[in-house]
Amino acid sequence: MRNLDGKVSERIAKLILAAAVFVLIAGNALTSAEAASRIKDIADFEGIRENQLIGYGLVVGLNGTGDSLNNSPFTQQSLQAMLERLGVNTRNIALNTNTVAAVMVTANLPPFSTQGTRIDVNVSALGDADSLQGGTLLVTPLVGADGEVYAIAQGSVAIGGFSAQADAASVVRGVPTAGRIANGGLVERELEFQLASLTTLRLALRNPDLTTARRVALSINELIGMPTAEPLDPATVRLDLPRQYDGNIVDLLTDIEQLIVEPDLAARIVIDENSGIIVMGQDVKVSMVAVAQGNLTVTIAESPQVSQPLPFANGQTAVVPRSEVAVDEDGTKLAIVPETVTLKQLVDGLNALGIGPRDMISILQAIKAAGALQADIEVL
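Residues numbered from 1 in each chain as written. Predicted model: local features only at pLDDT ≥ 70, side-chain atom pairs only at ≥ 80, totals over all residues. Heavy atoms only, no water.

Reading across the sheet, the 3 strands line up as 17-16-26 and stay open at both edges, with mixed pairing between neighbours. The strands lining the two open edges of the sheet, one partner per strand, are strand 17 (277-280) and strand 26 (376-379). Averaged over all pairs of adjacent strands, the angle between strand axes in this sheet comes to 15°, irrespective of strand direction. The pairing of strand 16 (residues 268-272) with strand 26 spans 4 bridges and is classified as parallel. Within strand 26, the position partnered with Val 270 by the bridge is Glu 378. (Pairing = 2+ DSSP bridges. Helix = DSSP H or I, 4+ residues; strand = E, 2+ residues; numbered from the N terminus. Axes fitted to C-alpha atoms, helices over the stretch in contact; angles between N-to-C directions.)

Our focus in this paragraph is the sheet that holds strand 13 (residues 229-233). What the 4 strands build is an open sheet, ordered 2-12-14-13; its pairing is antiparallel. This sheet does not close on itself; its edge strands, each paired only once, are strand 2 (43-45) and strand 13. Between one strand axis and the next, the sheet turns through 25° on average, direction left out of account. Note: strand 13 against strand 14 (residues 236-240), 4 bridges, orientation antiparallel. From the neighbouring strand, Pro 231 faces strand 14, where its bridge partner is Val 237. Contacts from helix 4 (residues 210-224) reach strand 12 (200-205), strand 13 and strand 14 within the one sheet, and its direction differs from that of strand 13 by about 165°. Lying on the sheet, helix 5 (residues 249-257) is in contact with strand 2, strand 12 and strand 14; it crosses strand 12 at an angle near 30°. (Contact = heavy atoms within 4.5 Å.)

The next point concerns the nonpolar core. Grouped together as the largest cluster of nonpolar side chains are 23 residues, with contacts concentrated most on Ile 39, Leu 203, Val 216, Ile 220, Leu 239 and Ile 256. It is helix 4 that provides the largest number of residues to this core, a total of 5 residues. In contact with Ile 256, other than residues within four places in its own chain, are Ile 39, Phe 45, Leu 203, Ile 220, Leu 223 and Leu 239. In terms of nonpolar packing, the next biggest core, distinct from the first, is built from 21 residues, Leu 53, Val 105, Ile 119 and Leu 132 among them. (Core = buried A, V, L, I, M, F, W, Y, C linked by side-chain atoms within 4.5 Å. Buried < 20%, exposed > 50% of the residue type's maximum accessible area, 1.4 Å probe, protein only.)

Turning our eyes to something else, we now look at unusual backbone geometry. At Phe 112, a residue that is not glycine, the phi angle is positive and equals roughly 60°. Inspection of the secondary structure assignment puts Phe 112 in the loop between strand 4 (100-109) and strand 5 (118-125). Positive phi, normally seen in glycine, also occurs at Asn 183, with a value near 55°.

Pasting the structure below:
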């Protein structure tokens, strides 16, 4: 019975060890999977993209919040031209209305949009209109970069803000001079792009990187089973259409965009000096440096005094200036930032100095100038 109990205990110990190894491997796989992304989320297929449209139009029906025609001559000219097209002659008539506003209309034409497809349009005031609330956009052609009309926009403008004013006060919330028309654009012309006739595809990485481009090509070749994908540069991967997908390129694109790839980016620190925001990548590393940070504060206080002459004296009352100047310097000692392996250790080392984001920006730039920071600093 003792030998049997020993064997049972040994078997249980092996099972526990195997379970621990499995949990460790599963945890590492989960961490790697969390860092990986689909090709669909890091790259775009060349040719499958939106196209920007723009147009100029008029919004009518405003409740006295439109353009003043004297200050916006283009609104008056557009109004007169529109009325003439409708058979109303207003050339020699002085128009005085504040219910019309000139606007710029923008929209994005989705890829493979067919005639009759509805798209959303954005409307923004061009003149001195106070609000577009309650207005209606008249028929406005939307043109592309080539000058051709691809869509027509019209409809009621919906805004996300409002304005109200009285004789002595006014309230403005949001932006009442910009709005949106849901499904307000009607596609009139299609873009000629035959996806099924392509024999070569190109993938454009959203964040160019040589390592990421190579990993994408290797992942595609592993899926297809033959070397058909090749990285051309840090931002482009070329793919020749394999025979098994001949005539069915949609299936190929569907299979490719679901592949999991771990992107690799250069170490970079992004700094926004206006708001004091600092963003560091995970590969940022720093060599061992000593940092001292001190603040010099100069305070000047003015407390003028009134000098009053004695009674029956010939003197005059005067204001005598009195200034108090104080200088305060923080005596911060040198702090050691150890050689960093992870981003967390770098952040902990900088936080140990007890400084704010503004001073941390200057410290990071000084460490970079000393050659101890292995990362690129980008200032917005």
